[in-house]
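Spelled out, the chains give:
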Amino acid sequence: MTDTRQVTVITAVHGPSARFLPDAYASLCEQRLPSGWEWKWVLQEDGTTDEVRPHVPHDARVSFGQSRPGGSGVARTMALARAEGPYVKVLDADDRLAPGALARDLTVLEADRTVGWTTSRALDLLPDGSTVGFPDDPAEGPLERGFVLDRWKRNDFLPPVHPATLCVRRELLVALGGWMALPASADTGLLLALDAVSRGWFSAEVGLLYRKWEGQVTAQATHADPVERAARTAVAEARALALAGLRWAYPADTA
């Protein structure tokens, strides 16, 4: 019997992004976790092709699965079936964790049970290797319930913290049903739901390098289609408001 505790890192991947998996894996291997902790990487292909498996690292800590195409949110939710341990960390297939990111997430969540989720500063990673920061990051510290929704609505439906940096308590993630069944912005929908029921945390230290490249979903013209975007934002907002209106909170004694 071991006393080791586990954080599960979930990654949705499809054929075009599979070539970046070695970089994501290298950033995971560079993480130094607190004593008694280990990570497990759960990769889920959004599809059942032969394009991804050749890029999956040969490591006992890495689990690979496939499912019918449904978008990254569906793939991540399917990956939850293989998630173990108290926490789930998101890592997109084309991104890199910054050194120390996992340890900072775990330190916050272990220290304060009223914090249900964490986010951190992200930098855009440009094709030439340079990085660019985001303006107007919140201050280091707790994010009270409703903060994300308020800022999102006032900033043309752009969240004040990056959902690709999320680390969340697994039981809370499961209680909310995982990621939203949307063609895009499923991670933003989840972030808004988490914000409706639980306090969060923002780390001002860089936690993620967010790769910008021509094949990413957010770079496609369909992502900005005004009709689809209006529908996505409407249902994500409605879900967050409904959750807040139910007065259910995590943990239950903070309601």
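A. A look at the side chain of D105. Tracing the backbone shows D105 in helix α3 (residues 101-111). If we ignore the near neighbours within four places in the chain, the residues touching D105 are K89, T118 and C167.

B. Region of interest: the packing of helix α6 (residues 186-197) against helix α7 (residues 226-246). Two elements in contact, α6 and α7, have axes whose closest approach is 8 Å; the angle formed by their N-to-C orientations is 15°. By the criterion of interaxial angle, the relationship of α6 to α7 is roughly parallel. Crossing of α6 against α7: the hand is right-handed. From α6, G189, L190, L192, A193, A196 and V197 reach across to α7, where they touch A236, R239, A240, L243 and A244. Of the residues in the contact of α6 with α7, the class split is nine nonpolar, one polar and one charged.

C. Representation of the nonpolar core within the structure. Judged by nonpolar contacts, the single largest core of 34 residues is most densely connected at I10, V88, W117, V168, W179 and L194. Contributions of two or more residues to this core are made by β4 (87-90), α4 (147-154), α5 (170-175), α6 and α7. Top element by residues in this core is α6. It accounts for eight residues. With near-sequence residues (within four places) excluded, V88 lies in contact with T8, I10, L80, A83, L166, C167, V168, R170, L173 and W179. Counting residues in hydrophobic clusters, the runner-up holds 30 residues, among them V13, L21, V52 and Y210.

D. Layout of the pairing of strand β2 (residues 37-46). Burial analysis of β2 places eight of its ten residues in the buried class, the great majority of the element. Where strand β1 (residues 5-13) and β2 come together, nine bridges link them in parallel fashion. Pairing of T8 across the sheet is with K40, part of β2. Note that the unit made of β1, helix α1 (residues 21-29) and β2 has a crossover that is right-handed.

Conventions and cut-offs
- Residues numbered from 1 in each chain as written.
- Predicted model: local features only at pLDDT ≥ 70, side-chain atom pairs only at ≥ 80, totals over all residues.
- Heavy atoms only, no water.
- Helix = DSSP H or I, 4+ residues; strand = E, 2+ residues; numbered from the N terminus.
- Contact = heavy atoms within 4.5 Å.
- Axes fitted to C-alpha atoms, helices over the stretch in contact; angles between N-to-C directions.
- Parallel < 35°, antiparallel > 145°, perpendicular 65-115°, else oblique.
- Left-handed = near helix turned anticlockwise from the far one by under 90°.
- Nonpolar A, V, L, I, M, F, W, Y, C, P; charged D, E, K, R; others polar.
- Core = buried A, V, L, I, M, F, W, Y, C linked by side-chain atoms within 4.5 Å.
- Buried < 20%, exposed > 50% of the residue type's maximum accessible area, 1.4 Å probe, protein only.
- Pairing = 2+ DSSP bridges.
- Right-handed = clockwise from strand over helix to strand, strands pointing away.

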